[in-house]
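# Residue-level structure breakdown
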Amino acid sequence: MTVECEALERIPSMSEISSNAPAGFIACYVIGTVCVITTICIYLLHYWRLTSQPPTKRRDLYVSIVRTGLIYCVAGFLAVVFPRSSNLFHLITEFYEAWALYNFGLLLINYIAGQNEHDPRAAREKFASALNQLPPAKYLKVPPLGCFFICSTPRIFDRSLVRFVTRCLIQFLYVGPGIGVLRLWYELQCDEPTFKGFDLILNLIRLISILLAVWSLFILYVATKLILHHYNTTYKFFALKGVLLITGVQQILVPIVVSATRKDSFFSEHFISEYVISFCLCVEGFLMTLLLTHSFSVEEVSPTFFAPQHPNTPLIKRGSGQYETASEIP
């Protein structure tokens, strides 16, 4: 018998789960089914409303970001129903999680460049030019890694800082999926005790990568909050990053809690942890869809959308000491 088959034998089938833990399985299955059906209906309605608008870069970014909740919910439910394929479904969520974070960074650029700007280079130039007009500040002193930069001096948001933030964001586009592939390969090659220690290391690396990506987006969020306050970026930031941080932390906390509370059971400790994470992922995907569909509204991709200017429109300090409204930045 091959090592791969031995690894698969450690994971119970759906029939074994339903026969050895019927109450828990039925509860997870029923709740998951309700979450999936509701999520699909909410997403399809919002997708139809978004695609009814003229095609723009901003509309496409909205569709990609809102789809994150659907991917989470469906993948988590499939991992609950088909536990022997759970690693494959978790790998899909890790790929799309990285893609969603990257798209949110592009969305901030699109807000400043304008939704009719289709040239990526021109959009980045407008974005860098707008941030360069901001007054000096301690932009790096923001959660979750800002505690390491408390003593940093105020600086202008120049192109070097734009490149640094961009690289912190892009690294997760490779690290997240890469760790997922490595975990899937290593689990098929090693026994459970060995994999348990290696899996903890991978989860720590993944959490650090998530923190770097969220930190970079937090820097952009704080820097552009005054310029983009009409787009309600605070709500959007929480709707996407809040749930992603929870999923990253639960990868570490759930195995610890299961290890401390697990009694004699037919199932292994590793399997129970993965099953609980899959179920949580399904419910979190449903909640994320509710938040994303509400925060990424259809009105903001409409050709007639206009961010109104109020008397208290934030002022951006220019190098000459003069001020201009944020809406006048090219």
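A short tour of the structure in this document, coming up. (Residues numbered from 1 in each chain as written. Predicted model: local features only at pLDDT ≥ 70, side-chain atom pairs only at ≥ 80, totals over all residues. Heavy atoms only, no water.)

## Quick look at the overall build of the protein chain
The cut-off we apply is this: The numbering of helices and of strands both runs from the N terminus, where a helix is a DSSP run of H or I of at least 4 residues and a strand a run of E of at least 2. Burial status follows relative accessibility: with a 1.4 Å probe on protein chains alone, a residue under 20% of its type maximum counts as buried, one over 50% as exposed, and anything between as partly exposed. Every residue pair with non-hydrogen atoms within 4.5 Å of one another is taken to be in contact. Every accessible area reported is derived by Shrake-Rupley at a probe size of 1.4 Å, with residue values counting cover from the shown protein chains alone.
Summing up its helical and strand segments, the protein chain has ten helices and two strands in all. Counting all 330 residues of the protein chain, 48% fall into the buried class. When contacts within the protein chain are restricted to residue pairs at least 6 apart in sequence, those whose partners lie at least 24 apart make up 77%. With the model as given, the accessible surface of the protein chain reaches about 16000 Å², and the carbon-plus-sulfur share is 67%.

## Re the packing of aromatic side chains
Counted only if it meets this: When the centres of two rings from Phe, Tyr and Trp lie within 6.5 Å, Trp using its six-membered ring, the rings pair. Their planes under 30 degrees apart give stacked, over 60 give edge-to-face, and anything left gives tilted. Only when the NZ atom of a Lys or the CZ atom of an Arg is both within 6 Å of the ring centre and within 35 degrees of the ring normal do we say a charge sits over the ring.
If you walk through the whole model with that rule in mind, you get eight aromatic pairs. Seen in terms of ring centroids, Tyr62 and Phe296 are 5.1 Å apart; in terms of plane orientation they differ by 90°. Their pairing is edge-to-face. Taken together, the residues Tyr62 in helix H4 (residues 57–81) and Phe296 in the loop between helix H10 (269–295) and strand E1 (315–317) connect sequence positions 234 residues apart. With a relative accessible area of 0%, Phe296 lands in the buried category. Aromatic pair Phe104 and Phe296: ring centres 6.4 Å apart, planes at 85°, arrangement edge-to-face. Of this pair, Phe104 sits in helix H5 (residues 86–113) while Phe296 sits in the loop between H10 and E1, and the two are 192 residues apart along the sequence. Just as Phe104 is buried, Phe296 falls in that class too. Linked through ring pairs, Tyr62, Phe104 and Phe296 together constitute an aromatic cluster. Lying over the aromatic face of Phe296, Lys236 brings its terminal NZ or CZ to 5.5 Å of the ring centre.

## So, the pattern of salt bridges
Applied cut-off: Should a side-chain nitrogen of Lys or Arg be within 4 Å of a carboxyl oxygen of Asp or Glu, the pair is scored as a salt bridge.
Summed over the entire model, instances satisfying the criterion amount to six salt bridges. Residue Glu299 is joined to Arg49 by a salt bridge in which the shortest nitrogen-to-oxygen separation is 3.8 Å. You can see Glu299 sitting in the loop between H10 and E1 and its partner Arg49 sitting in helix H3 (residues 22–51), a full 250 residues away along the chain. Overall, Arg49 belongs to the partly exposed group, its relative accessible area being 35%. Each of the salt bridges in this network shares a partner with another, and the network as a whole consists of Glu94, Glu97 and Arg206.

## A short note on unusual backbone geometry
Phi angles above zero are rare outside glycine, and Asn232 is one such case at about 55°. Locating Asn232 in the fold gives a position in the loop between helix H8 (192–224) and helix H9 (233–261).

## Comments concerning the nonpolar core
Spelled out, the test is: Working definition of a nonpolar core: buried Ala, Val, Leu, Ile, Met, Phe, Trp, Tyr and Cys residues. They are joined through side-chain atoms within 4.5 Å.
Formed by 58 residues in total, the largest nonpolar core has its most connected members in Phe104 and Phe157. Broken down by secondary-structure element, the contributors of at least two residues to this core are H3, H4, H5, helix H6 (120–132), helix H7 (159–189), H8, H9 and H10. When sequence neighbours within four positions are dropped, the list of residues in contact with Phe104 reads Ile65, Leu217, Lys236, Phe237, Leu240, Lys241 and Phe296.

## Observations concerning a nonpolar patch on the surface
Basically, it comes down to this: Each patch is built from residues that are more than 30% exposed by relative accessible area and take part in no salt bridge. Like charges join if they lie within 9 Å; nonpolar side chains (Val, Leu, Ile, Met, Phe, Trp, Tyr) join within 5 Å.
A surface patch of nonpolar side chains, about 360 Å² in accessible area, is lined by Ile26, Tyr29, Val30 and Val34. Among the secondary structure elements, Val34 is positioned in helix H3.

## Considerations on the environment of Leu50
Here Leu50 is to be found in helix H3. Take Leu50: its relative accessible area is 1%, and that puts it in the buried class. Once the C-alpha coordinates of Leu50 and Ser302 are considered, the two residues, 252 residues apart in sequence, prove to be 8.8 Å apart. Those residues in contact with Leu50 that lie beyond four places of it in its chain are Arg59, Tyr62, Val63, Ser297, Val298 and Val301.

## Side note on the packing of H4 against H10
Our working rule: For helices, the axis comes from a line fit to the C-alpha atoms of the stretch in contact; other axes are also lines fit to C-alpha atoms, and the angle between any two N-to-C directions lies between 0 and 180 degrees. When an angle is under 35 degrees it counts as roughly parallel; over 145 it counts as roughly antiparallel; between 65 and 115 it counts as roughly perpendicular; any other value is oblique. We call a crossing left-handed when the near helix sits turned anticlockwise from the far one by less than a right angle, and right-handed when that turn is clockwise. When residue character is reported, Ala, Val, Leu, Ile, Met, Phe, Trp, Tyr, Cys and Pro are called nonpolar, Asp, Glu, Lys and Arg charged, and the others, Gly included, polar.
Look at H4 against H10: their axes get within 7 Å of each other, and the N-to-C directions meet at 155°. Considered as vectors, H4 and H10 are oriented roughly antiparallel to each other. Relative to H10, the crossing made by H4 is left-handed. The residues of H10 that touch H4, namely those facing Ile65, Val66, Thr68, Gly69, Leu70, Tyr72, Cys73, Gly76, Phe77, Ala79 and Val80, are Tyr275, Ser278, Phe279, Leu281, Cys282, Gly285, Phe286, Met288, Thr289, Leu292 and Thr293. Looking at side-chain class alone, the contact of H4 with H10 contains 15 nonpolar, seven polar and no charged residues.

## Regarding the packing of H4 against H5
Direction vectors running N to C along H4 and H5 enclose 160°, while the axes themselves pass 9 Å from each other. Here H4 is positioned roughly antiparallel relative to H5, judged by the angle of their axes. The interaxial crossing formed by H4 with H5 has left-handed handedness. Looking at the contact of H4 with H5, its residues break down into 17 nonpolar, seven polar and four charged.

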